[in-house]
Amino acid sequence: MSGLLFSSASAIADGVNNGRFSAGEVVDFFLTHIEERNPALNAFTRVLADRARQRAAQLDAMVTRGDKPGPLAGVPFAAKNLFDIRGLTTLAGSVINAGNPPAREDALLIQRLEERGAILVGALGMGEYAYDFTGENRHYGNCANPWNTTHMSGGSSSGSGAAVGGGLVPLALGSDTNGSIRVPASFCGVFGLKPTYGRLPRTGSYPFCDSLDHVGPLARNCADLARSFDAMQGYSASDHACAERPLLDTVAELAKGVDGLRITRAGGYFSLEDFPQAQRAMDKVCRALDCADEIELPGTLEGRSAAYLITNVESSRLHLPRLQTRPQDFDPDTRDRFIAGALLPAAWYARAQQVRHWYAEKVREVFANVDVIVAAATPCVAPRMGEKILNIRGEEQPLRPNLGYFTQPISSAGLPSCVVPTLDEDSGLPIGVQIIAAPWREDWCLRVANYLEQQGFTAPRPHL
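Source: prediction; values computed, not measured. (Residues numbered from 1 in each chain as written. Predicted model: local features only at pLDDT ≥ 70, side-chain atom pairs only at ≥ 80, totals over all residues. Heavy atoms only, no water.)

1. Some remarks on the overall build of the chain
Note the cut-off: Helical segments are the DSSP runs of H or I of at least four residues, strand segments are the runs of E of at least two, and each set is numbered from the N terminus. Using C-alpha atoms as the atom set, the radius of gyration is obtained and then compared with a globule rule of 2.2 Å times the number of residues to the power 0.38. The cut-offs for exposure are 20% and 50% of the maximum accessible area for each residue type, with area from a 1.4 Å probe on protein chains only; residues under the lower value are buried, those over the upper are exposed, and the others partly exposed. Note on contacts: a residue pair qualifies if any of its non-hydrogen atoms lie within 4.5 Å across the two residues. Per-residue and other accessible areas were derived by the Shrake-Rupley procedure at a 1.4 Å probe size, with only the shown protein chains allowed to occlude residues. The positive count covers Lys and Arg only, the negative count covers Asp and Glu only, and His and the chain ends enter neither. Where a charge lies is defined by one atom per residue type: Lys uses NZ, Arg uses CZ, Asp uses CG and Glu uses CD.
For the chain, the helix and strand inventory stands at 15 helices and 15 strands. Scaling as 2.2 N^0.38, a compact globule of 464 residues should have a C-alpha radius of gyration of about 23 Å, and the chain matches this with 20 Å. Its C-alpha atoms put the chain at 60 × 55 × 45 Å along the principal axes. Every one of the 464 residues in the chain was classed for burial, and the buried ones make up 64%. Taking as baseline every contact in the chain between residues at least 6 positions apart, the subset at least 24 positions apart corresponds to 78%. Of the accessible surface of the chain, which amounts to about 16900 Å², a share of 49% is contributed by carbon and sulfur atoms. Each charge class in the chain was averaged separately, 44 positive and 51 negative side chains, and the resulting centres sit 3 Å apart.

Spelled out as structure tokens, the structure:
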């Protein structure tokens, strides 16, 4: 079964549905690989071997009866530990949460994936309370980059990026408030999808910033990303932000490629003169897409500033009781950012929300003349563990918040964005680009991403 390493979710599901191999064999292979490889990456905080084997046995019994378990039959996946998992305490990367009672049921997206045949194999590490872009966690240890374990995995969905990038699972669930799917996807060389705000229900996930929280999948190829996204779609009244929208069949749309799509690259705020690694990735992708024209998203600096303030205020309000009673149990970097948010005037928050809505409307107007916009995902490849400073436009800035320099504005506008990984030949590390579309057009993001993958403009797998 060694051929399963780096196999696609699609190939695994097809093999299980057609009886070429069993779900039990698949699960045993990946559990062994996790046991061997996870100590170097520290992607998992809990492995659910018994649960996974029990579910695999149920699926194999279905196949024996002549049934097909679904489009994700036998596909192992794991979830960032802010998703509720029945019987486990939802840590959200925090030692404070470790004393909470276990979850009574799985998060809704976990339920939907398993209903379509996927098998949950464990919980994945993350930055404390999702307020992180690095993958460093003082409580549970740093999550390492599968391409070079001395470098950051990105965060806050650090375990999700590292587990998929390192071949521990074909699929993972992450969350993205300001870039927490897209930054680890860029650093770990995988595909990551932040859907439109309100597309996927967040039910059963630990909140960070309600106005900006998104959930979505990470995968090693675009077809798997689309298959998992399609499996999770659907309205739920349990999340007040979830919109009742027609379901997309993005898998069926992939073959259309870029035909008929108006594609351009982002300029202005997204210009890359000072970011050579991001510039090389963008130039490579834009040549493949034949998009030389640039378009500016008006008000992007203001839109990012609004998202920054909203994140500070809403997250600090959520954690105020813990800040008052257990300040010593926070990572000091996280704690200080929460405290700063708690000190912001209410009028600033109200104004930031006004600016966010204004910016989102300005961006929607841009999509009257274009279908897809290509922008950098991160300013650079994954920094080394422990780095604290990032050069932004010639000025030294704190690294931790500014790894989301290019992703945070897209969250502010609520747009769908898919990260496509490329390889930076100079550093030997991956770096991603964002494929951004109008609201509710995840199918366009995935069509362009799949076209780039088919043209060979994506990162290979790391050498393990």
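Now, onward.
2. Topic: the pairing of strand β9 (residues 263-266)
What counts here: DSSP-based pairing: two strands are paired if at least 2 bridges between them are found.
Pairing of β9 with strand β11 (residues 372-376) involves 3 bridges; the strand directions are parallel. Considered in β11, the bridge of T264 is made with I373. One ladder, built from 2 bridges, connects β9 with strand β10 (residues 294-295); its direction is parallel. Paired with A266 across the strands is I295, a residue of β10.

3. Focus: the sheet that holds strand β1 (residues 44-47)
Here 11 strands make up an open sheet; going across it, the order is β1-β3-β2-β6-β8-β7-β14-β15-β11-β9-β10 and the pairing mixed. Both edges of this open sheet fall to β1 and β10, since each of them pairs with a single strand only. Pairing of strand β6 (residues 171-176) with strand β8 (residues 214-219) involves 6 bridges; the strand directions are antiparallel. Each bridged residue has a counterpart across the sheet, and for A172 the counterpart in β8 is L218.

4. Some thoughts on the packing of aromatic side chains
By convention here, two paired aromatic rings are described through the distance between centres and the angle between planes. Basically, it comes down to this: For Phe, Tyr and Trp, rings pair up if their centres lie within 6.5 Å, where Trp contributes its six-membered ring, and each pair is then called stacked (planes under 30 degrees apart), edge-to-face (over 60) or tilted (otherwise). Any Lys NZ or Arg CZ that is within 6 Å of a ring centre and within 35 degrees of that ring's normal is treated as a charge sitting over the ring.
Using the criterion set out here, one finds 13 aromatic pairs in the structure. Note on Y269 and Y405: the rings are 4.6 Å apart at their centroids and 15° apart in plane angle, and the pair reads as stacked. Here Y269 is found in the loop between β9 and α9 (276-289), whereas its partner Y405 is found in the loop between α13 (399-402) and α14 (408-413), with 136 residues between them in sequence. Of the residues examined, Y269 reaches a relative accessible area of 12% and is grouped as buried. In this structure Y405 comes out as buried when scored by relative accessible area, which is 9%. Of note, R337 hangs over the ring of Y131, and the distance from its end group to the ring centre comes to 3.8 Å. Note that R441 overlies the ring of W444, its terminal NZ or CZ placed 4.1 Å from the centroid.

5. So, a negative patch on the surface
So the rule is basically this: Residues form patches when they are more than 30% accessible in relative terms and have no salt bridge. Like charges link within 9 Å. Nonpolar side chains (Val, Leu, Ile, Met, Phe, Trp, Tyr) link within 5 Å. Salt bridges are defined by distance alone: a side-chain nitrogen of Lys or Arg within 4 Å of a carboxyl oxygen of Asp or Glu.
Together, E273, D274, D293 and E294 make up a region of like negative charge exposed at the surface. Mapped onto the elements of the fold, D293 is located in the loop between α9 and β10. For D293, a relative accessible area of 60% gives the class exposed.

6. Observations regarding the packing of helix α10 (residues 300-325) against helix α12 (residues 346-366)
Worth spelling out the cut-off: Axes, fitted as lines to C-alpha atoms, cover a helix only where it is in contact. Angles between the N-to-C directions of the axes lie from 0 to 180 degrees. Here is the rule for angles: anything less than 35 degrees is roughly parallel, anything more than 145 is roughly antiparallel, 65 through 115 is roughly perpendicular, and the remaining ranges are oblique. Here a crossing is called left-handed whenever its near helix is offset anticlockwise from the far helix by less than a right angle, and right-handed whenever the offset is clockwise.
In contact at an axis separation of 8 Å, α10 and α12 are set at 135° when each is read in the N-to-C sense. Relative to α12, the element α10 lies oblique. α10 and α12 meet at a crossing whose hand is left-handed. Between α10, through T300, E302, G303, A306, L309, I310, V313, E314 and R317, and α12, the contact on the second element is made entirely by W348, Y349, A352, Q353, V355, R356, W358 and Y359.

7. Things to note about the pattern of salt bridges
Any two side chains of opposite charge can pair, so long as their charged atoms come close to each other. All told, the structure shown has 24 salt bridges when counted by the stated rule. As a salt-bridge pair, R116 and E115 come within 3.5 Å of each other at their nearest N and O atoms. R335 is the salt-bridge partner of D336, the closest N and O atoms lying 3.4 Å from each other. Taken together, the shared-partner salt bridges connect R51, R86, D106 and E114 into one network.

8. Section: unusual backbone geometry
At the junction of G155 and S156, the peptide bond is cis and its omega measures out at 10° in the coordinates. Note on placement: S156 falls in the loop between β5 (148-152) and α5 (158-165). In this structure, A92 takes a positive phi of about 50° despite not being glycine. One can find A92 in the loop between β2 (76-80) and α4 (108-115). Overall, A92 belongs to the buried group, its relative accessible area being 1%. The phi angle at D290 is positive, at roughly 55°, despite the residue not being glycine. If you trace the backbone, D290 turns up in the loop between α9 and β10. D290 sits in the exposed class, given a relative accessible area of 71%.

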